[in-house]
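Close look at the chain arrangement
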Amino acid sequence: MTNTLFDALFAPHVGNPATFLECDDGTTLTYDAFLKRAAQLAHVLVETGVQPGDRVLVQAPKLSDIIALYAAAVQAGAIYLPLNTAYTQAELDYFMQDADPSLIVCNSKDETTVRALAKTRGTAVLTLGGAAGSLSRAADDKSTEFTAVERGPDDLAALLYTSGTTGRSKGAMLSHNNLLSNAIALTDLWEITSDDRLIHALPIFHTHGLFVAMNTSLLAGAKVRFCEAFDLEVILHELPQSTLLMGVPTFYTRILADTRFTKDLVDNMRVFVSGSAPLLAETHREFEDRTGHRILERYGMTETNMITSNPLNGERLAGTVGYPLSGTEVVISDPDTGASQPFGEIGMIEVRGDNVFQGYWNMPEKTAEELRETGFFLTGDLGIQTEDGRVSIVGRSKDLIISGGYNIYPKEIEDVLNDLPDVVESAVFGVPNPDFGESVVAAIVAETDGTLSIEAVKESVQSKLARFKHPREYLLLEALPRNTMGKVQKNVLRETYGT
Ligand code: MCA
Ligand code: AMP
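As a starting point, this report considers the structure included with it.

Criteria and cut-off values
- Residues numbered from 1 in each chain as written.
- Chains lettered and ligands numbered in written order.
- Predicted model: local features only at pLDDT ≥ 70, side-chain atom pairs only at ≥ 80, totals over all residues.
- Heavy atoms only, no water.
- Helix = DSSP H or I, 4+ residues; strand = E, 2+ residues; numbered from the N terminus.
- Buried < 20%, exposed > 50% of the residue type's maximum accessible area, 1.4 Å probe, protein only.
- Near = heavy atom within 4 Å.
- Polar contact = N/O pair within 3.5 Å; in protein donor to acceptor, adjacent residues only side chain to side chain.
- Areas by Shrake-Rupley, 256 points an atom, 1.4 Å probe, with all protein chains shown as cover.
- Nonpolar A, V, L, I, M, F, W, Y, C, P; charged D, E, K, R; others polar.
- Contact = heavy atoms within 4.5 Å.
- Pairing = 2+ DSSP bridges.
- Axes fitted to C-alpha atoms, helices over the stretch in contact; angles between N-to-C directions.

1. Quick look at the side chain of threonine 123
You can see threonine 123 is positioned in the loop between helix 5 (111-119) and strand 6 (124-128). By relative accessible area, which is 11% here, threonine 123 ends up buried.

2. Some remarks on the site of ligand 2
Ligand 2 sits among 17 residues. The nearest are Arg298, Thr302, Asp381, Lys398 and Asn407. Between glutamate 297 and ligand 2, the recorded distance is 3.0 Å, taken from a side-chain N or O atom to a nitrogen atom. Take arginine 298: an N or O atom from its main chain is 2.7 Å from a nitrogen atom of ligand 2. Its free accessible area being 500 Å², ligand 2 has 92% of it covered by the protein chains. Mapped onto the shell around ligand 2, the elements with two or more residues apiece are strand 13 (296-301) and strand 19 (391-396). Top element by residues in the shell around ligand 2 is strand 13. It accounts for 5 residues. In terms of residue class, the shell around ligand 2 is made up of 7 nonpolar, 5 polar and 5 charged.

3. Thoughts on the site of ligand 1
Near ligand 1, the surroundings consist of 24 residues, among which Arg254, Ser276, Arg298, Ser403 and Arg467 are the closest. Here an oxygen atom of ligand 1 and a side-chain polar atom of arginine 298 are 2.7 Å apart. One of the side-chain N or O atoms of serine 403 is found 2.5 Å from a nitrogen atom in ligand 1. For ligand 1, whose free accessible area comes to 1,000 Å², the fraction covered by protein is 73%. Mapped onto the shell around ligand 1, the elements with two or more residues apiece are helix 8 (207-220), helix 10 (249-256) and strand 13. Of the residues belonging to the shell around ligand 1, the class tally is 10 nonpolar, 10 polar and 4 charged.

4. Quick look at the environment of serine 392
Considering the arrangement of structural elements, one finds serine 392 in strand 19. Each C-alpha atom of the pair serine 392 and arginine 55 lies 36 Å from the other, and the pair is 337 residues apart in sequence. Sequence-distant contacts of serine 392, defined by excluding residues within four places in its chain, comprise Gly319, Thr320, Val321, Leu382, Gly383 and Ile384.

5. Thoughts on the sheet that holds strand 10 (residues 223-226)
Read across the sheet, 9 strands follow the order 2-1-10-9-11-12-13-14-15 without closing on themselves; strand pairing throughout is mixed. In this open sheet, the two edge strands, each paired with only one partner strand, are strand 2 (28-30) and strand 15 (323-324). When strand 9 (residues 197-200) meets strand 10, the two strands line up parallel, connected through 4 bridges. Paired with arginine 197 across the bridge in strand 10 is lysine 223. This element, helix 10, spans strand 11 (244-247) and strand 12 (271-274) of the sheet and lies at about 115° to strand 11.

6. Digging into the sheet that holds strand 22 (residues 423-433)
The 3 strands lie next to each other as 22-23-24, forming an open sheet whose pairing is mixed. Of all the strands in the sheet, the pair left with one neighbour each is strand 22 and strand 24 (473-476). Averaged over all pairs of adjacent strands, the angle between strand axes in this sheet comes to 25°, irrespective of strand direction. Alignment of strand 22 against strand 23 (residues 437-446), held across 10 bridges, turns out to be antiparallel.

7. A closer look at the pairing of strand 5 (residues 103-107)
The buried fraction of strand 5 amounts to 5 of the 5 residues, a majority that puts the element mostly inside the structure. Bridge analysis of strand 3 (residues 55-59) against strand 5 gives 4 bridges, and the strand direction is parallel. Note that in strand 5 the partner of leucine 57 across the bridge is isoleucine 104. The pairing of strand 5 with strand 6 spans 5 bridges and is classified as parallel. Across the sheet, the residue bridging to leucine 103 is alanine 124, located in strand 6.

Below, the structure written as structure tokens:
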């Protein structure tokens, strides 16, 4: 019986006595113990009625059991669907409707509300949250062996939602081979081995924290210092005993802002990886001046996993995202005609390879718009490529704000604002922010009767959207700037209000 991802990432660790996870409370889990826990959880999934191909939706705290649950879902042939813990009930309701999971695993403290949402569909609900979690408890007396369900390279292993320019989140369908091929390419390129110790301070519901960080560690048999969240004190404490850190640019600006962060703290460190958002050349330089290390920047997307990376051994250039990974092709095309651009010309970054997803869940038209029949995926990022293949991102053709590594699509926020009775129209845009890279500003044109209350607007936004998407500033304007075609000029808003 084969199960592509399980056989490569997890099964080789049966009986492996090496440490895998080191948690905040001081507990550690060996690879063997982790595998046994995953098997117990897989038994609970099957007993709950999860069938191969079913979605297991997970919105739960970052505990070791959540990684074992990911392994259990893969082992049981299910499709793992992780969600940001910051999502509101309204957002969760959308994902539940769209993905139609057979099981929801939520935080114990959210059980009542999640059960109320799940009830109408008859979806099973289990909880994670230390000893109190019903999933954890149910697993405790199960067998520590489980025969992995047959799954081939093209079967789906995960469904990751990514917001879109239409305001509606889309589920990116990722196959066993999408995840495995990318993990192999990154582990080889970054030379990750069982001698490595990774500081894992990213959330575990996105590609970066779940696949880039965990799948490579699993493949290599590395140790993972599993931090519940980003905490500067913990990072400074762990650096001398670690070799790898993977983070978003905010991690690096926050670390650099602390004067205790010095060269001698990172003597043991091998690689600092940055991604999910543009790393300022200034941060790159300051980091090198302070530590002698050049941050290794790489580029990816939920739909494609990682696409390019600066080299481990060659030159890591600030402001570039490096070369296409092994097995991944990048072309730069004219965004209007789709024709290939000459080297050095700006165009749409398109990508093809085993890393590229299988399409959007239940959205064949969207899939057809963004995934060409030739297999090339249109990233919506604008870039250039030099003759030797090095890629730089120079902008985006999609209207997107990246705040602290989280993607925020203005359309989703504008839809909420425009639905309010006193709002005529709105435009949401990003402005530079020293901590998060960009932050969200909303410009609103209100009805002329003057009854619009910003407090009421904030309340409405709060009930519908996760906190990280909330505008940090509201502007009341008489009119939005428009070009001669009537299109709102967000560049003008950014230039006028960016400071
Ligand atoms: C937290 N807040 C945020 C963000 N994070 N607001 C905007 N943008 C954010 N990213 C809110 C909190 O709710 C809080 O709200 C306030 O801001 C201050 O929180 P703070 O304590 O400063 O933040 P934090 O908890 O320390 O989190 C910052 C963070 C975190 C560590 C940078 O956002 C983070 O872990 N980001 C990584 C995201 C990531 O993994 N991205 C990868 C996805 P209040 O005002 O109520 O206090 S992209 C991906 O996977 C692609 C494929 C790729 O290429 O990697
Ligand atoms: P997501 O949809 O969360 O997978 O985010 C993918 C987007 O993040 C890409 O389309 C890029 O716009 C952005 N991104 C990821 N890595 C980088 C990077 N190193 N530099 C600039 N943007 C990046």
